[in-house]
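Fold and contact review
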Amino acid sequence: KSLNRLFKQGAGRSGSRENKTPVIPDPVYGSMMTAALDYVLNYSSVIIDVWKKMQEAWGSGVTADLPKISEATKLIQFRDPVRKILLAHPSHWRKLSWQSYGDVYDELHLLRKACVITILAYSGIRDSELLSIEVGCCVVDKGQDGRNIHYLNTVLHKHKKGGVRDSWVVIDEVVKAVEILEILTARVRAASGEKRLLITDGCSSLFSVQKDFFGKS
């Protein structure tokens, strides 16, 4: 199945253990993280809410009433309810307000990237470990002072042949990013039986409301 095409994990590397990754310049890093955190903390609720309402509109207002027409015609009929949804949920952070479901799909892809950036930047995990995170990977425990401590469970690959389970203490922003990825991938994970959160359908239709991810619409 196409959904079983996960992002490839990096092969094990040999040689020096010295970190040779180039440092991101501070101005670039600062701007990137500001944008990523804005998406995760401030824009995500609106984007996801609009996406869910689009799914409801497609399921109850389009396909149910027009079961025998072509998908192209269904999409034309879909435009009007989408416009109403978008008007009720302004995209104040965009230079141009969203006008169509295509704009929402663009925002969903940006939100997904923002989650990945946030997790990598504030957890300390490597990209190979990021690719191992699964639904339910964030757990919480109580510290000695009674405060909650959040852990991110993943698989450590560097210098570990085959990988070993590991946990990382993470901040609330990382937990939020993981929760968003769980929402964004819920449909594709249900269709594929996958638990991992970095999963793709192999094309650009990951968030399309009319797709069921089994080759049918």
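Criteria and cut-off values
Residues numbered from 1 in each chain as written. Predicted model: local features only at pLDDT ≥ 70, side-chain atom pairs only at ≥ 80, totals over all residues. Heavy atoms only, no water. pLDDT = per-residue confidence, 0-100. Helix = DSSP H or I, 4+ residues; strand = E, 2+ residues; numbered from the N terminus. Contact = heavy atoms within 4.5 Å. Phe/Tyr/Trp six-rings, centres within 6.5 Å; stacked < 30°, edge-to-face > 60°. Buried < 20%, exposed > 50% of the residue type's maximum accessible area, 1.4 Å probe, protein only. Core = buried A, V, L, I, M, F, W, Y, C linked by side-chain atoms within 4.5 Å.

What follows deals with the confidence of the model for the protein chain. Chain-level statistics for the protein chain give a pLDDT mean of 82 and a share of 78% at 70 or above. Predicted confidence in the protein chain is weakest over strand E3 (residues 164-170), with a mean pLDDT of 81, and strongest over helix H5 (residues 172-184), with 96. In this model residues 1-14 is a low-confidence stretch, pLDDT under 50, and it forms 29 contacts with partners more than four residues away in sequence or in other chains.

Further remarks concern the packing of aromatic side chains. To describe a pair of aromatic rings, you give the distance between the ring centres and the angle between the ring planes. In the structure shown here, the tally under the stated rule is seven aromatic pairs. Their ring planes at 55° and their centres at 5.8 Å tell us that Tyr101 and Tyr105 sit as a pair that is tilted. With Tyr101 and Tyr105 both in helix H3 (residues 101-123) and four residues apart, the pair spans about one turn of that helix. Classification of Tyr105 by relative accessible area gives buried; the value is 12%. Ring pairing ties together the aromatic residues Tyr39, Tyr43, Trp93 and Trp98, which thus form one cluster.

Counting 50 residues, the largest nonpolar core has Met54, Ile119 and Ile133 as the members making the most contacts within it. Ranked by residue count, the leading element in this core is helix H1 (residues 26-62), at 12 residues. Not counting the four nearest positions on each side in its chain, Met54 is found in contact with Phe78, Val82, Ile85, Tyr101, Val104, Tyr105 and Val209.

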